[in-house]
Amino acid sequence: MAAAQETVLQIDLNAMAHNYRFIRSLLKPETKLLAVVKAFGYGSDAAEVAKFLEELGADYLAVAYTNEGVALRNAGIETPILVLHPQPINFKEIIDRCLEPSLYSPRILRAFAKVAKDQNQKNYPVHIKFNTGLNRLGFWENDVDFIVEVLKPAPELKVKSIFSHLAASEDENEREFTLGQISNFKKIASEIKSKLGYEMMMHQLNSSGVLNYPEAQFDMVRCGISLYGYGNDPKFNKELKPVASLRSVISQIHMIEPNETVGYNRAYVSKGYEKTATIPIGHADGISRNFGNEKGFVIINNQKASIIGNVCMDMIMVNISGIDCKEGDEVIIFDKDHTAEDAANLIGTISYELLTMVSQRVKRTFLR
Ligand SMILES: *Cc1c(COP(=O)(O)O)cnc(C)c1O
């Protein structure tokens, strides 16, 4: 692989194929796989990744917001797309672009039913979201009668699936709570199926759910982070391959004297004769200011170089004293060996946030 000559986020589609197959291997043959590609495909590139997942055979895609689904349709994606968190202002466009809404509250269900009727729809596919303990979005169990009352006389809508989301699927200490969410969901499902008088798909598991509660796969699972190579657990991380690598380059090297300062607010003070490198990546690229002042580091020629002083908008400075390197050499922010999860831990966050923080101005390249 050629060394980076500017800041690039490399997306390894072969790694994604590996992760996809690993997840599939945990599923019953009839279980459908919904690939979550919200937030630009967890910071990678939603359209490229969605196209690739479509080729791999993903049954469904999901995004959070309507505009993310529209972008995928504009890119030619034909797989069904579930929009997890739409607003009434989006409903006409959802129908125009064949997107499938999650309906998560009485207000949202009524509003969508009205738009579907005004647009002369018949059996428009919708997904009913139930809250089983995350207390974020969703109908409550005691809303079932209301839902049935709205849907029974509404031939414009057809419930394609009912779903719910686990609050702590990665946390073994919350096993009892999670099992409660699963049994609550089963109860709601049998109630709504019998009251509506037809079958629909059921799904409740995200990535960690698939890994920790395979018995609750129902008809479909919704995987995000695991497709991008992270399993929220060292034992699953071993089986998965991180897809995104963030690399950059040394722009300039400075030799500085004792007691000189580096960067804005003169936040770093040199302790002796030191060597620093300036790298073209900053907080506007997704390197949080929390990595500044030696909380974070980069890898240069297999050695750690700490980030010194404050992270600037478009660059960081790192201490390369004792590291054999020159201007133009490659710099690794995270990759397969120095993972986004490890880097995230340094500033008290998680891989999800670090990956999705990589801003849109960072060039993406694809490996396959
Ligand atoms: C983001 C999201 C997922 C994917 O979760 P991962 O932990 O990334 O697998 C699944 N379901 C819902 C409702 C989500 O919002």
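Since this is a predicted model, take the numbers as computed values, not measurements.

## Concerning the site of the ligand
Move 1: Taken together, 13 residues form the shell around the ligand, and within it Lys38, Tyr42, Ser207, Ile225 and Tyr352 come nearest.
Move 2: Within the side chain of arginine 136, a nitrogen or oxygen atom sits 3.4 Å from an oxygen atom of the ligand.
Move 3: At 3.5 Å from a nitrogen atom of the ligand is found a side-chain nitrogen or oxygen belonging to histidine 165.
Move 4: In isolation the ligand offers 390 Å² of accessible surface; the protein chains occlude 93% of this area.
Move 5: The set of elements that each furnish at least two residues to the shell around the ligand consists of α2 (38-43) and β9 (220-223).
Move 6: Looking at the shell around the ligand residue by residue, the classes come out as 6 nonpolar, 4 polar and 3 charged.

## Overview of the domain arrangement of the chain
Move 1: Entries for the chain in the domain assignment read domain 1 (31-228) and domain 2 (244-367).
Move 2: If you average the C-alpha positions of domain 1 and of domain 2, the two centres end up 39 Å apart.
Move 3: Each partner contributes to the interface: domain 1 provides 8 residues, whereas domain 2 provides 8 residues.
Move 4: Taken together, the two surfaces of domain 1 and domain 2 that pack against each other cover about 780 Å², and 65% of this comes from carbon and sulfur.
Move 5: Where domain 1 packs against domain 2, one counts 0 salt bridges.
Move 6: At the boundary of domain 1 and domain 2, one finds 2 residue pairs in polar contact (both at pLDDT 80 or more).
Move 7: Counting residues per element, the side of domain 1 that touches domain 2 draws most heavily on α2, which supplies 4 residues.

## Some words on the pattern of salt bridges
Move 1: Scanning all chains against the criterion turns up 17 salt bridges.
Move 2: A salt bridge links glutamate 191 to lysine 195, with the nearest nitrogen and oxygen atoms 3.4 Å apart. Taken as a pair, glutamate 191 and lysine 195 lie in helix α8 (residues 175-196) at a separation of 4 residues, close to a single helical turn.
Move 3: Residue arginine 361 pairs with aspartate 285 through a salt bridge whose shortest N-O separation is 2.7 Å. Remark: aspartate 285 occurs in the loop between β14 (274-279) and β15 (297-300) and arginine 361 occurs in the loop between α12 (351-357) and β19 (363-367); sequence separation between them is 76 residues.

## Focus on the UniProt feature "domain: Alanine racemase C-terminal" (unreviewed entry) in the chain
Move 1: UniProt tags residues 243-367 as "domain: Alanine racemase C-terminal" (unreviewed entry).
Move 2: Across residues 243-367 one finds 11% helix and 36% strand; the C-alpha atoms that close the span lie 10 Å apart.

## Observations regarding the UniProt feature "active site" (unreviewed entry) in the chain
Move 1: Within this structure's numbering, the places UniProt gives as "active site" (unreviewed entry) are Lys38 and Tyr264. In sequence the annotated residues extend across 227 residues, and in space they extend as well, their farthest C-alpha pair lying 34.9 Å apart.
Move 2: Following the sequence through the fold, lysine 38 ends up in helix α2.
Move 3: Here lysine 38 falls in the partly exposed class, since its relative accessible area comes to 28%.
Move 4: Discounting chain neighbours no more than four positions away, the residues touching lysine 38 are Ala62, Val63, Ala64 and Glu68.
Move 5: Tracing the chain through its elements places tyrosine 264 in the loop between β12 (261-262) and β13 (268-269).

## Some details on the nonpolar core
Move 1: Counting residues in each nonpolar core, the largest one holds 112 residues, and the members touching the most others are Leu53, Phe112, Ile162, Ile300, Val318 and Phe334.
Move 2: Structurally, this core is a two-domain feature, drawing no fewer than three residues from each of domain 1 (31-228) and domain 2 (244-367).
Move 3: Grouped together as the second largest cluster of nonpolar side chains are 6 residues, Ile256, Val262, Tyr268 and Cys312 included.

## Thoughts on the pairing of β15
Move 1: For β15 and strand β16 (residues 303-308), the ladder comprises 4 bridges, and the chain directions are antiparallel. Bridge assignment links phenylalanine 297 to a residue of β16, and that residue is serine 306.
Move 2: Counted along the chain from β15 to the antiparallel partner β16, the turn is 2 residues long, and its residue asparagine 301 has a positive phi close to 45 degrees.

## Observations concerning the side chain of serine 270
Move 1: Tracing the sequence through the fold places serine 270 in the loop between β13 and β14.
Move 2: A polar side-chain atom of serine 270 sits 3.0 Å from the main-chain amide nitrogen of asparagine 259.
Move 3: Sequence-distant contacts of serine 270, that is, excluding residues within four places in its chain, are made with Ile256, Glu257, Pro258, Asn259 and Glu260.

## Observations concerning helix α3 (residues 46-56)
Move 1: Among all positions in α3, only Ala46, Val49, Ala50, Phe52 and Leu53 are buried. Down the axis of α3, the buried set is contained in an arc of 165 degrees. They therefore lie on one face.
Move 2: Check the buried side of α3 and you find it contacts β1 (8-12), α1 (13-26), β2 (32-36), α2, β3 (60-63) and α4 (66-74).
Move 3: One side-chain oxygen at the N-terminal end of α3 lies 3.3 Å from the backbone nitrogen of alanine 47; it belongs to aspartate 45.
Move 4: Once α3 finishes, glycine 57 follows within two positions and takes phi at roughly 110 degrees, a positive value.

What counts, and where the lines are drawn
- The numbers attached to residues start from 1 for each chain and follow its sequence in the written order.
- At least 70 in pLDDT is required for a residue's local features to be given in this predicted model, at least 80 for side-chain atom pairs to be given and counted, and no such filter applies to totals for whole chains, interfaces and linings, which use all residues.
- Side-chain figures throughout are based on the complete set of non-hydrogen atoms in the structure, without hydrogens or water.
- Any residue with at least one heavy atom within 4 Å of a molecule or strand is counted as near it.
- In the analysis that follows, any N or O atom pair within 3.5 Å is treated as a polar contact, provided that within protein one partner can donate a hydrogen and the other can accept it, and provided that, for residues neighboring in sequence, both atoms belong to side chains.
- What sets the accessible areas is the Shrake-Rupley method with a 1.4 Å probe; for residues, cover comes only from the shown protein chains.
- Only DSSP runs of H or I reaching four residues or more are called helices, and only runs of E reaching two or more are called strands; each is numbered from the N terminus.
- Throughout, the ten residues Ala, Val, Leu, Ile, Met, Phe, Trp, Tyr, Cys and Pro are labelled nonpolar, Asp, Glu, Lys and Arg are labelled charged, and all others, Gly among them, are labelled polar.
- Those domain boundaries reflect an automatic or database domain assignment.
- Should any heavy atoms of two residues lie within 4.5 Å, those residues are counted as being in contact.
- When two parts are brought into contact, each loses some accessible area as probed by a 1.4 Å sphere; the total of that loss over both is the buried area.
- Salt bridge criterion: a side-chain nitrogen from Lys or Arg within 4 Å of a carboxyl oxygen from Asp or Glu.
- UniProt positions are given in the numbering used here, feature names are shortened, and annotations may be inferred rather than shown by experiment.
- The rule is simple: take the accessible area with a 1.4 Å probe, protein chains only, and divide by the maximum for that residue type; under 20% is buried, over 50% is exposed, in between is partly exposed.
- Only buried Ala, Val, Leu, Ile, Met, Phe, Trp, Tyr and Cys residues count toward a nonpolar core, and they belong to the same one when joined by side-chain atoms within 4.5 Å.
- DSSP calls a pair of strands paired once it identifies at least 2 bridges connecting them.
- Comment: arc refers to directions from the helix axis out to C-beta atoms.

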